[in-house]
Amino acid sequence: MALLRTENVDYVYGAGTPFVQTALAQISFSLEKNEFAGMVGATGSGKSTLIKLLNGLLRPKNGRVFFQEQDIWKKGYDLQALRFSVGLSFQYPEHQIFSDTVREDIAYGLKNQGISEDLWDEKIREAIEIVGLDESYLSKSPFRLSGGEIRRVALAGTMVVKPQVLVLDEPTAGLDPIGRKMVYHALKRFQKESESTILVVSHSMDDVAEYADSLIVMDHGKIVDKGTPAQIFANTANLEKTGLAVPEVTRLLKKIKTAGFSVQDTIYTMEDAKNELLKLLKGEVKDE
Amino acid sequence: MNDVIIGQYIPENSRIHRLDPRTKILLTFVWILTIILTNKLLNFGLIILFLLLIIQLAKIPGKSVWNSVRPILPIILFTSFFNLIYTKGSVIGSFYFLEVTQEGIRISVFLTLRILLIVTGCSLLTFTTSLTAITDGLESLLSPLKKWGVKVNDISMMITIAIRFIPVLSEEINKIKEAQMARGASFESKKFLGKIRGILPILVPLIYSAFRRAYELTTAIECRCYNHEIERTKMNRLGYQKGDIGAFGIFIFLFVGIVVSRFI
C-alpha cells in the first residue's frame, strides 16, 4: 500500500486568462513508507508545482491525490491535518522565517498543531539535534546565522511535527559543499529515526544519486522515467534529452570505460566510485 | 491576491496597442473628463458603444475586461445603494422606512455607469500599453517640469521600479503564505486578534525580503553604472503617427459633443 500517491494529475496555471499554461499532465506516482526518493528535472519541468499538490496547497484540475489511500479532495477531508503528515519545505525556506529566536520559529508548527507547551521543549531539542545544531542556537536570532545554519533551522521547523512524508524543494540550493552534506545527513537521520518517507526535488544529480533509493525524472510537466538510480543512470542518452546529466562520478567511470579499461559504469556514488577505481588501480599493479 | 489582473499588459498587435503611449495617457484623462461631464442616458449609451468598439479594436478578451472591474463591484453596489435610498426628491416607491426617489435612481445609475466606464477605460490603458511604454510616455509628458528643477528622470525610474515590483511582491506573499500553510498555519481565523497574529508570519518575511531585494537592486543598478545626473537617451524614441492624430480627433469630437449636449 502506497503511503502517498497521485493518479493522473493535471495542473494548469492561469486558467481562464490569456496566459494559460499547462504545468503538469497525467502525473501518476507513489511513495512507499520509509522510502528516500529523488525527483529530478530541468527548470520549469513542473517539479515545484507537483509538490504543492501533495499536501493540498494546490488543487489538481483533473486526477486525484491519495494519502494513506484517502482522497485528500474528498469532502470533509482535513487538509490542515494533512499538512502535519506531509511536511513541505520550499526553496530557500529561510526566507519564511519571522521569529526573534530560533526556538520560537521551530515552535511555530507545534503551535499550529495545538500541541501543549509542556511538550515543546523536548520536541524542539530533538529537532535541532537531528539537523546537527546544539541547544545554544535556540536563543539566537535566526537572522544572524550563516546560510547553512539558518537553512537547517528552517528544516528543523518542518521536522519538528514529525511528518510521515517530508517533501523538500531544492533543500541545498545556494549552500556550500559542507552545508549540503549537513542537510543530507540531517535528512538521512530523520528518515531513519522517525521511519519517514522523504522526497527531495533537485536538479543536482550528484546529490540525489548519493542519497536516494529511487528516482523520478520529470520533463515538461510529465514523468518520463522512474526507477532506481542505477536504472536511470544506465540510460545516459534518455536523461540528457531532458536537459539533465548523469552524476559526475558516473561520467568519469563511463569515460574510463570508453578509454578501454574494464570498470563498471553503473556507479553513481562517490564511495562506490572510489572502491571501483582502487580495484582498477590494484589490478593494474598486479598486471605489471 | 491570486488573480490580480488589473494593470496586466496583454501583448497584441492592434491599432490601439500601436498608439503612442503619450496619446493613450492623455486620452485617458480626456475620457475621464468626458464621462464626468456626461449627464444623459442616451449619451451614456453612445459612450458604451464607443468603449465596446475600442475593446474590439484592441483585441482584448471580454473576460479580462470583466476581471478588471469585478473587484470594485462591491464598492459600486454599496455606494449606489445608499445613493438610492438617501437622495431626497419625488418618491416613487417605499419599503418600510426606505424611500426610493426618482432622483435617487438617476444618481445611482449614473454613478455606477461612471465608475464602471472610468475603470474600464483606465484598464484599457494598461492592457494595451506595456509598463516601459507608460513610463516613457509619463517621462516625456512630465519633461517640461524639468525647467523648475523637478527630477523627472528619477521620478519615472521610481515609478517603473514600484510598478514593476507589484507582481514580484504579490508572488512573494503567495509563496510565504503557502510556506506557512505548509507548516499548518490557518489564515481563516475569525477573531480579530487571531487575524492580526496570523498576518505577522507573512508580514515579517515580506518586509525582510523587500529590503533584501532593494539592496540587490541597488547593487545591480550601480553595477550598470546608472547615474541619475546623466541625461538618458532612448532605444525606442516616441513619435506621433497618423493614428494618434486620428485618435485625438475622435476623442475631442466626443468630448465637445458631450459638453455641447449638456446645454441642449
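Residues numbered from 1 in each chain as written. Chains lettered and ligands numbered in written order. Predicted model: local features only at pLDDT ≥ 70, side-chain atom pairs only at ≥ 80, totals over all residues. Heavy atoms only, no water.

> Looking at this structure, I do not really get the overall build of chain B. What am I missing?
When helices and strands are tallied, chain B shows 10 helices and two strands. Traced from its N-terminal end to its C-terminal end, chain B shows the element sequence α-α-α-α-α-β-β-α-α-α-α-α. Taking 264 residues into account, the globule formula puts the C-alpha radius of gyration at 18 Å, and chain B, at 23 Å, lies well above it. Considered along the principal axes of its C-alpha atoms, chain B spans approximately 65 × 60 × 40 Å. Considering chain B as a whole, with its 264 residues, one finds that 33% of them fall into the buried category. Counted over contacts in chain B with a minimum sequence separation of 6, partners at least 24 positions apart contribute 75%. (Helix = DSSP H or I, 4+ residues; strand = E, 2+ residues; numbered from the N terminus. Rg over C-alpha atoms; globule rule 2.2 N^0.38 Å. Buried < 20%, exposed > 50% of the residue type's maximum accessible area, 1.4 Å probe, protein only. Contact = heavy atoms within 4.5 Å.)

> Would you mind going over the overall build of chain A with me for this structure?
Helix and strand counts for chain A come out as 11 helices and 10 strands. Compactness check: chain A gives a C-alpha radius of gyration of 21 Å against a globular reference of 19 Å for 288 residues, within 12% of the reference. Taken over the C-alpha atoms alone, chain A extends approximately 70 × 50 × 35 Å along its principal axes. Taking all 288 residues of chain A together, 52% fall into the buried category. Counting contacts in chain A only where the partners sit at least 6 residues apart, residues at least 24 apart contribute 64% of the total. Side-chain charges in chain A split into 35 positive and 40 negative, and the spacing between the mean points of these groups amounts to 4 Å. (Lys, Arg positive; Asp, Glu negative; His and termini not counted. Charge placed at Lys NZ, Arg CZ, Asp CG, Glu CD.)

> Sorry if this is basic, but what is going on with the domain arrangement of chain B here?
Many descriptions give the size of an interface as the accessible area lost when the pieces come together. Residues and elements named next belong to chain B. According to the domain assignment, chain B consists of domain 1 (1-149 + 239-264) and domain 2 (152-227). Between domain 1 and domain 2, the C-alpha centre-to-centre distance is 31 Å. Across the boundary between the two partners, domain 1 contributes 10 residues, which contact 10 residues of domain 2. Of the roughly 910 Å² buried between domain 1 and domain 2, counting both surfaces, carbon and sulfur atoms make up 73%. In this assembly, domain 1 and domain 2 are joined by zero salt bridges. In this assembly, domain 1 and domain 2 are joined by zero residue pairs in polar contact (both at pLDDT 80 or more). (Domains from an automatic or database assignment. Buried area = accessible area lost by both parts, 1.4 Å probe. Salt bridge = Lys/Arg side-chain N within 4 Å of Asp/Glu carboxyl O. Polar contact = N/O pair within 3.5 Å; in protein donor to acceptor, adjacent residues only side chain to side chain.)

> I keep staring at the pairing of strand E4 (residues 62-67) of chain A and nothing clicks. Help me out?
Each regular strand carries side chains that alternate between the two faces of the sheet. Residues and elements named next belong to chain A. As defined by bridge partners, strand E1 (residues 4-13) adjoins E4 across five bridges and the pair is classed as antiparallel. Across the sheet, Thr-6 pairs through a bridge with Val-65, a residue of E4. Of the strand pairs in this sheet, E4 and strand E5 (residues 70-71) are connected by two bridges, and their pairing is antiparallel. Residue pairing in the sheet places Phe-66 in a bridge with Asp-71 of E5. From the end of E4 to the start of E5, which pair antiparallel, there are two residues, and Gln-68 there has a positive phi angle of about 50°. (Pairing = 2+ DSSP bridges.)

> Honestly, unusual backbone geometry in this entry has me stumped. Any pointers?
Peptide bonds are, in most cases, trans, and in most cases residues other than glycine have a negative phi. Residue and element names in this part refer to chain A. Phi at Gln-68 is positive, roughly 50°, even though this residue is not glycine. Taking relative accessible area as the criterion, Gln-68 reaches 36% and is therefore assigned partly exposed. One non-glycine residue with positive phi stands out, namely Lys-162, at about 50°. By the element assignment, Lys-162 lies in the loop between helix H5 (147-159) and strand E7 (165-169). Since its relative accessible area comes to 38%, Lys-162 is described here as partly exposed.

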